[in-house]
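Chain by chain, the residues:
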Amino acid sequence: MNDTHDRTAWLKGGESHCVHPPRTVSRPWKLALLGPPGVGKGTQAQLLAQRLGACHLSTGDVFRAAKSCDETELTPALATAMDRMRSGELVDDDLVLQMIYERRQCLNCRGGFLLDGFPRTVVQAETLERFLNWENLALDAVVNYDLELDEIVERLAGRRSCSGCKAVTHVSELSPPALDRCKVCGEKLVQREDDRPEAIRVRMKVYQESAAPLADFYRQRRVLVSIVAKGSAAEICDRTVAALEGVTAGRPG
Ligand code: AP5
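The rules behind the values
Residues numbered from 1 in each chain as written. Predicted model: local features only at pLDDT ≥ 70, side-chain atom pairs only at ≥ 80, totals over all residues. Heavy atoms only, no water. Near = heavy atom within 4 Å. Polar contact = N/O pair within 3.5 Å; in protein donor to acceptor, adjacent residues only side chain to side chain. Areas by Shrake-Rupley, 256 points an atom, 1.4 Å probe, with all protein chains shown as cover. Nonpolar A, V, L, I, M, F, W, Y, C, P; charged D, E, K, R; others polar. 1 Å grid on protein atoms, 1.4 Å probe; cavity = no way out; pocket = protein on both sides within 12 Å on 5 of 7 lines; lining within 4 Å. Points joined across faces, edges and corners; volume = space filled by probe spheres on them. Helix = DSSP H or I, 4+ residues; strand = E, 2+ residues; numbered from the N terminus. Pairing = 2+ DSSP bridges. Salt bridge = Lys/Arg side-chain N within 4 Å of Asp/Glu carboxyl O. Buried < 20%, exposed > 50% of the residue type's maximum accessible area, 1.4 Å probe, protein only.

Asks: Is there a simple way to explain the site of the ligand in this structure?
Replies: Neighbouring residues of the ligand: 33 residues in total, closest Thr43, Glu89, Arg120, Arg159 and Arg203. Within the contact set of the ligand, an oxygen atom lies 2.8 Å away from a side-chain nitrogen or oxygen of Arg64. Relative to its unbound accessible area of 1,000 Å², the ligand is 94% covered by the protein chains. Among the residues forming the shell around the ligand, the class breakdown is 12 nonpolar, 12 polar and 9 charged.

Set out below in structure tokens:
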């Protein structure tokens, strides 16, 4: 399946609607992607969105979209969130959960959803479970990506994001003369502020503190699927889809 849909309802929240919502699919997957910063969750979410038809719901993308607002438009809570992101710390649970609450219509998306970067704490996971219960929904699987630190650092150091369509790429995939231009839409590629070495160190530490309790939470619910994130992005996507089909075989769709 190769479906191009927009994410307006997710990125803007509130009463916003998508201009091109995902198509109705026979199996709307409800997934969350976990793993360290730079392991490739966003890249996999883009590929899985095309394969499965589900919408890519990234909390980091929502905060980065807010960052491009005029400073005077930011509430004090959002301004604090921007500072925390810059330094590599997590944004407070209350603000993250309020943001998800305002976008809860996306959990009912007819194409399904791929949560990327959420939940990140057990409090967030418990609240997500409550939001899903209200809608009579449950996660089909929580995919936990894993990779050695050296490779993660290499991926983060070379990451570039499009200032227009937000597509993520790596400098190794770019060739002259378009070294600073997005291959998808042609807009300028930029490096994320939190990909500075000091911020990467903080993000890794924060991740290591929260990862085990979160994985345990989903292991207890028997939805955790571990995937080795080595190899090309396409290979990892194939591995993920095969694992998802395996673990959910026999469960009602
Ligand atoms: P967020 O945006 O969620 O960032 P992250 O979790 O740190 O993850 P990244 O986006 O850095 O990495 P990724 O795993 O998506 O890797 P990618 O696909 O880009 O969060 C940012 C911040 O927002 C947080 O630090 C926090 O402050 C705040 N925040 C967000 N959500 C929050 C929450 N729920 N609670 C509290 N705070 C929250 O890939 C990386 C690079 O590798 C790219 O260049 C890519 O092209 C390349 N690559 C990918 N796959 C491969 C491959 N197979 N081979 C070679 N290169 C590859």
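Asks: Would you explain the layout of surface pockets in this entry?
Replies: Which parts of space are left empty comes out when a probe the size of a water molecule is rolled across the atoms. Counted as a void, the second largest pocket has a volume near 290 Å³. Taken together, 15 residues make up the lining of the second largest pocket; nearest its centre are Val62, Leu78, Met99, Glu102 and Arg103. For the lining of the second largest pocket, the secondary-structure elements that each account for two or more residues are helix 1 (8-12), helix 3 (59-67) and helix 5 (93-102). Classifying every residue of the lining of the second largest pocket gives 8 nonpolar, 4 polar and 3 charged.

Asks: I tried to follow the sheet that holds strand 5 (residues 159-162) on my own but got confused; where do I start?
Replies: Strand pairing in a sheet takes place through backbone hydrogen bonds and is either antiparallel or parallel in direction. With antiparallel pairing, 3 strands are arranged side by side in an open sheet as 6-5-7. Whereas interior strands pair on both sides, the edge strands pair on one side only; in this sheet they are strand 6 (168-170) and strand 7 (189-190). In this structure, strand 5 lies alongside strand 6, joined through 3 bridges in antiparallel fashion. Its bridge partner being in strand 6, Arg159 is matched across the sheet by His170.

Asks: Help me out: how do you make sense of the pattern of salt bridges in this one?
Replies: Charged atoms that come close allow side chains of opposite charge to pair. The final tally for this structure, using the stated rule, is 21 salt bridges. Salt-bridge contacts for Asp61 lead to Arg7; the nearest nitrogen and oxygen are separated by 3.0 Å. Residue Asp61 is located in helix 3, and its partner Arg7 is located in the segment before helix 1; the two are separated by 54 residues in the primary sequence. Notably, a salt bridge pairs Arg203 with Asp195, separated by 2.9 Å at the nearest N-O pair. An identical accessibility class is assigned to Arg203 and Asp195; each is buried. In this structure, a network of salt bridges that share partners links the residues Arg159, Arg192, Asp194, Asp195 and Arg203.

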